[in-house]
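Okay, here's what each chain looks like letter by letter:
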Amino acid sequence: MRSTLFPDAERYVKGTKTIVTYEVDGLAGSAALDAAHPSFLIGQSWYQRFWEFFRLGAEHLLTGIDHILFLLALIAGSRSPREVVLVATAFTLAHSVTFLLAALGLVEVPAAVVEPVIALSIAVVAGWHLWRLARRHDGATEPPEPGGAGHFRLDRAGWSRLGVVFCFGLVHGLGFAGALGIEAAWSWTLLWSLLVFNLGIEAVQLAIVGLLFPVLAVLRRRSPRAGHWATGLVAAGVAVMGLTWFAQRLAGL
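Attention here is on the structure that accompanies the text. The model shown is predicted, which means the values in this text are computed figures rather than measured ones.

A short note on the packing of aromatic side chains
So, step 1. For the structure on display, the rule yields four aromatic pairs.
So, step 2. Seen in terms of ring centroids, Phe70 and Phe91 are 4.9 Å apart; in terms of plane orientation they differ by 40°. Their pairing is tilted. Residue Phe70 is found in helix α2 (residues 65–77), and its partner Phe91 is found in helix α3 (residues 81–103); the two are separated by 21 residues along the sequence.
So, step 3. The exposure class assigned to Phe70 is buried, which follows from its relative accessible area of 0%.

Observations regarding the side chain of Thr231
So, step 1. The residue Thr231 is located in helix α7 (residues 224–250) in this model.
So, step 2. At 3.0 Å, the side chain of Thr231 and the side chain of His129 are in polar contact.
So, step 3. Sequence-distant contacts of Thr231, defined by excluding residues within four places in its chain, comprise Ala76, His129, Leu133, Leu216 and Arg220.

Digging into the packing of helix α6 (residues 188–222) against α7
So, step 1. Where α6 meets α7, the axes come as close as 5 Å, and the angle between the chain directions of the two elements is 135°. Considered as vectors, α6 and α7 are oriented oblique to each other. Residues Leu216, Leu219, Arg220, Arg221 and Arg222 of α6 touch α7, and the partners they reach there are Pro224, Ala226, Gly227, Ala230 and Thr231.
So, step 2. Here the contact of α6 with α7 is built from residues that sort into five nonpolar, two polar and three charged.

Reading guide: rules and limits
Residues numbered from 1 in each chain as written. Predicted model: local features only at pLDDT ≥ 70, side-chain atom pairs only at ≥ 80, totals over all residues. Heavy atoms only, no water. Phe/Tyr/Trp six-rings, centres within 6.5 Å; stacked < 30°, edge-to-face > 60°. Helix = DSSP H or I, 4+ residues; strand = E, 2+ residues; numbered from the N terminus. Buried < 20%, exposed > 50% of the residue type's maximum accessible area, 1.4 Å probe, protein only. Polar contact = N/O pair within 3.5 Å; in protein donor to acceptor, adjacent residues only side chain to side chain. Contact = heavy atoms within 4.5 Å. Axes fitted to C-alpha atoms, helices over the stretch in contact; angles between N-to-C directions. Parallel < 35°, antiparallel > 145°, perpendicular 65-115°, else oblique. Nonpolar A, V, L, I, M, F, W, Y, C, P; charged D, E, K, R; others polar.

Distances and angles like these do not, on their own, reveal function.
In structure tokens, the structure reads:
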């Protein structure tokens, strides 16, 4: 099966991805078509279909600079491996829930609300880290790593940050779903495709955290001052971008 809907050569719509759900001659499944992959075989194996939607999810996160900046803000503001794992998990759980609900048509929030809040979330999470660095510079005491009681060993600031990240993650999930623009009726095939798409998102997210946080941890251990400056500069840049996008999206630009 082949689709030539909105090829890039027309210069009218670019980067279009078409999700096809099919049931032909006893063969059922789904496929994702775009300019680079305009056709598929209805007899393709399950792992081929898995890879198509996994790749689609991975590409979606890699091309979503706002979501990547949000991850950078999370990484810069985390004080220990435990904390970065917890905030990344909270973000994953939150956006996975709303992504599936919105993509299946069970929840609907206007993009005019979702997109500005996503931009604001980037600025807030980055600004939180800058505020914490400023308090430390002013002589306020703050443990370098979470030292609270309980299984997760998070202090009050850690739990508060975890809650904020979870709430913003719910909004990011709506943004992921809105980018797909799915209008198909609910089906098990569609649900399977969305779950695999979400796995692609999570794989890239974990790769970014796994690559960047160890580098930051080593820098902080060898030179705490350089680590503070590095995370501060990253957070400042991310906050500026978030506020700029927030103003633009509010203005409809």
